[in-house]
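# Residue-level structural notes
The primary structure of each chain is shown beneath.
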Amino acid sequence: VAVTFALEFEQSLKTLSVLDAGIPGLIPDEIFSPVNAKKIWQFYFHAIDDIPEFLLAGKEAEYLNWYFKNKTIVKDALSDEIVSHYVQCYTGKENLKYGFEYYRAFIESARQNLAYNAKLSIPVLAIGAEYGQGLNMGIAMQKVSEHPVQSISIENSGHYIAEEQPEDLLKVLSPFLSAHQ
């Protein structure tokens, strides 16, 4: 969402920072190869109409607990209270469906992102997780930036960088933002 917003409304931004995201149309295609199934399986499962809701309704807590344990390296990064909040938000077939719609719109979002002819002229910071997208974030963002993208991979982190390595994230993010006030 942030990348598309930046492409549409760059004049309202000073910088763009993105964290460990599978940005439709920009993330390298090889990420979606079977060798990465453990990292990206949810893109396929969540994209199927109806079946994820059918299988997960009534089991939201079990699924989300499993999901977060498998998407994090720092296993206590998401407290029980935080996970409970996610469970509350995604409980029920309708709420699950809303969460899965991002994945169901992935192909259309990729088409739209690839259709932009303009490139960003604002400074871009691409932050990936060592056990997530890593430096692929920089590869993705360079496709839509006219200047070199600052690309960082945060060590000992899964997908949830802000929760797993908040201090390391701030060590990268704070100087970038300060330099471009």
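To be clear, the structure that these remarks concern was listed above.
Now for a quick tour of the structure. (Residues numbered from 1 in each chain as written. Predicted model: local features only at pLDDT ≥ 70, side-chain atom pairs only at ≥ 80, totals over all residues. Heavy atoms only, no water.)

Helix and strand counts for the protein chain come out as 10 helices and three strands. Ordered by position from the N terminus, the helices and strands of the protein chain form the series α-β-α-α-α-α-α-α-β-α-β-α-α. In summary, the protein chain has a C-alpha radius of gyration of 17 Å against a globular reference of 16 Å for 181 residues, a match within 12%. Along the three orthogonal principal directions, the C-alpha set of the protein chain runs to about 45 × 35 × 35 Å. Looking at the 181 residues of the protein chain, the share that counts as buried comes to 40%. If you take every contact in the protein chain between residues at least 6 apart in sequence, the share linking residues at least 24 apart comes to 72%. On the protein chain, roughly 10,400 Å² of surface is accessible, and the fraction owed to carbon and sulfur atoms is 57%. (Helix = DSSP H or I, 4+ residues; strand = E, 2+ residues; numbered from the N terminus. Rg over C-alpha atoms; globule rule 2.2 N^0.38 Å. Buried < 20%, exposed > 50% of the residue type's maximum accessible area, 1.4 Å probe, protein only. Contact = heavy atoms within 4.5 Å. Areas by Shrake-Rupley, 256 points an atom, 1.4 Å probe, with all protein chains shown as cover.)

Turning next to unusual backbone geometry. In the Ramachandran plot, D20 falls in the positive-phi region, its phi being about 35° despite a non-glycine side chain. Checked against the element boundaries, D20 lands in the loop between β1 (16-19) and α2 (37-45). Of note in the backbone geometry, N156 takes a positive phi value of approximately 50° without being a glycine. Tracing the sequence through the fold places N156 in the loop between β3 (150-154) and α9 (161-164). By relative accessible area, which is 39% here, N156 ends up partly exposed.

What follows is about the pattern of salt bridges. Once their charged atoms are close, side chains differing in charge can pair, the charge on each being opposite to the other. Counting across every chain of the model gives six salt bridges. The partner of R104 in a salt bridge is E101, with the nearest N and O atoms 3.3 Å apart. Taken as a pair, R104 and E101 lie in helix α6 (residues 93-104) at a separation of three residues, close to a single helical turn. Within this structure, D49, E53, K97, E101 and R104 form a network of salt bridges that share partners. (Salt bridge = Lys/Arg side-chain N within 4 Å of Asp/Glu carboxyl O.)

Let us now look at the layout of surface pockets. Taken as a whole, the largest pocket holds about 1,300 Å³ of empty space. With seven residues, the single largest contributor to the lining of the largest pocket is helix α4 (residues 60-71). A per-class count over the lining of the largest pocket returns 25 nonpolar, 14 polar and seven charged. (1 Å grid on protein atoms, 1.4 Å probe; cavity = no way out; pocket = protein on both sides within 12 Å on 5 of 7 lines; lining within 4 Å. Points joined across faces, edges and corners; volume = space filled by probe spheres on them. Nonpolar A, V, L, I, M, F, W, Y, C, P; charged D, E, K, R; others polar.)

Quick look at the sheet that holds β3 now. Reading across the sheet, the three strands line up as β1-β2-β3 and stay open at both edges, with parallel pairing between neighbours. Pairing within the sheet leaves two strands with one partner each, and these edge strands are β1 and β3. In this sheet, neighbouring strand axes are inclined to one another by 15° on average, regardless of whether the strands run parallel or antiparallel. As paired strands, β1 and strand β2 (residues 124-129) are joined by four bridges and run parallel to one another. Directly across from V18, in β2, lies its bridge partner A126. Packed on one face of the sheet, helix α10 (residues 166-179) meets β1, β2 and β3 and runs near 175° to β2. (Pairing = 2+ DSSP bridges. Axes fitted to C-alpha atoms, helices over the stretch in contact; angles between N-to-C directions.)

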